[in-house]
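In case you want the letters, here they are:
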Amino acid sequence: MPPGESVPLHTHCWPSTLYIVRWSDFVRRDAAGAVVVDSRGKARMAEGSAVWSGPLGPHTLENVGDAELRVISVEMKSRG
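In this report, we go over the structure that sits alongside the text. (Residues numbered from 1 in each chain as written. Predicted model: local features only at pLDDT ≥ 70, side-chain atom pairs only at ≥ 80, totals over all residues. Heavy atoms only, no water.)

Quick word on a nonpolar patch on the surface
Move 1: Where nonpolar side chains cluster on the molecular surface, the patch consists of Tyr 19, Val 21, Trp 52, Ile 72, Val 74 and Met 76 and spans about 560 Å² of accessible area.
Move 2: Counting only elements with at least two residues in the nonpolar patch, the list comes to β2 (16–22) and β7 (70–75). (Patch = residues over 30% accessible without salt bridge, like charges linked within 9 Å, V, L, I, M, F, W, Y side chains within 5 Å. Areas by Shrake-Rupley, 256 points an atom, 1.4 Å probe, with all protein chains shown as cover. Salt bridge = Lys/Arg side-chain N within 4 Å of Asp/Glu carboxyl O. Helix = DSSP H or I, 4+ residues; strand = E, 2+ residues; numbered from the N terminus.)

What follows is the structure, encoded as structure tokens:
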């Protein structure tokens, strides 16, 4: 995601492993537009690192940094 771009409202129904390819600060908002996460001023994730994420309800994501944000998400979907 290039700087200044946003991802429309969506969900992640399953837990996932996130692999950080390229880091940039971001803001995640819930369906009502309230800020849920603002990464500015917090520790940056190292490129090449992985982190676990639980399922996420409806949210948008905005790249508020000055670099591309690139994350690979591998969702752990249940069988069936």
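Observations regarding the packing of aromatic side chains
Move 1: On inspection of all chains with the given rule, the structure shows 1 aromatic pair.
Move 2: Pairing Trp 23 with Phe 26 gives two aromatic rings, centres 5.7 Å apart and planes at 75°, and the pair type is edge-to-face.
Move 3: Looking at Trp 23, the relative accessible area reads 7%, which means it is buried.
Move 4: Take Phe 26: its relative accessible area is 12%, and that puts it in the buried class. (Phe/Tyr/Trp six-rings, centres within 6.5 Å; stacked < 30°, edge-to-face > 60°. Buried < 20%, exposed > 50% of the residue type's maximum accessible area, 1.4 Å probe, protein only.)

Topic: the sheet that holds strand β6 (residues 56–63)
Move 1: Sheet architecture is open: 4 strands sit in the order β1-β6-β3-β4, paired in antiparallel fashion. Single-partner strands in this sheet number two, and they are β1 (6–12) and β4 (35–38). Across the sheet, the axes of successive neighbouring strands diverge by a mean angle of 25°, strand direction being ignored.
Move 2: Where β1 meets β6, 4 bridges bridge the pair, whose relative direction is antiparallel. Paired with Val 7 across the bridge in β6 is Leu 61. (Pairing = 2+ DSSP bridges. Axes fitted to C-alpha atoms, helices over the stretch in contact; angles between N-to-C directions.)

Focus on the environment of Asp 66
Move 1: Residue position: Asp 66 is located in the loop between β6 and β7.
Move 2: Residue classification places Asp 66 among the exposed residues on the basis of a relative accessible area of 74%.
Move 3: For the pair Asp 66 and Trp 23, spaced 43 residues apart in the sequence, the C-alpha separation amounts to 9.7 Å.
Move 4: Aside from chain neighbours lying at most four places away, what touches Asp 66 is Pro 3 and Ser 24. (Contact = heavy atoms within 4.5 Å.)

A look at the pattern of salt bridges
Move 1: All chains considered together, the criterion is met by 4 salt bridges.
Move 2: The residue Glu 47 makes a salt bridge to Arg 22 at a minimum N-O spacing of 3.9 Å. One end of the pair, Glu 47, is in the loop between β4 and β5 (50–53); the other, Arg 22, is in strand β2, with 25 residues separating them in the sequence.
Move 3: For Glu 47, a relative accessible area of 49% translates into the label partly exposed.
Move 4: Between Glu 68 and Arg 70 there is a salt bridge, with the nearest N and O atoms lying 2.7 Å from each other.
Move 5: Overall, Glu 68 belongs to the partly exposed group, its relative accessible area being 29%.

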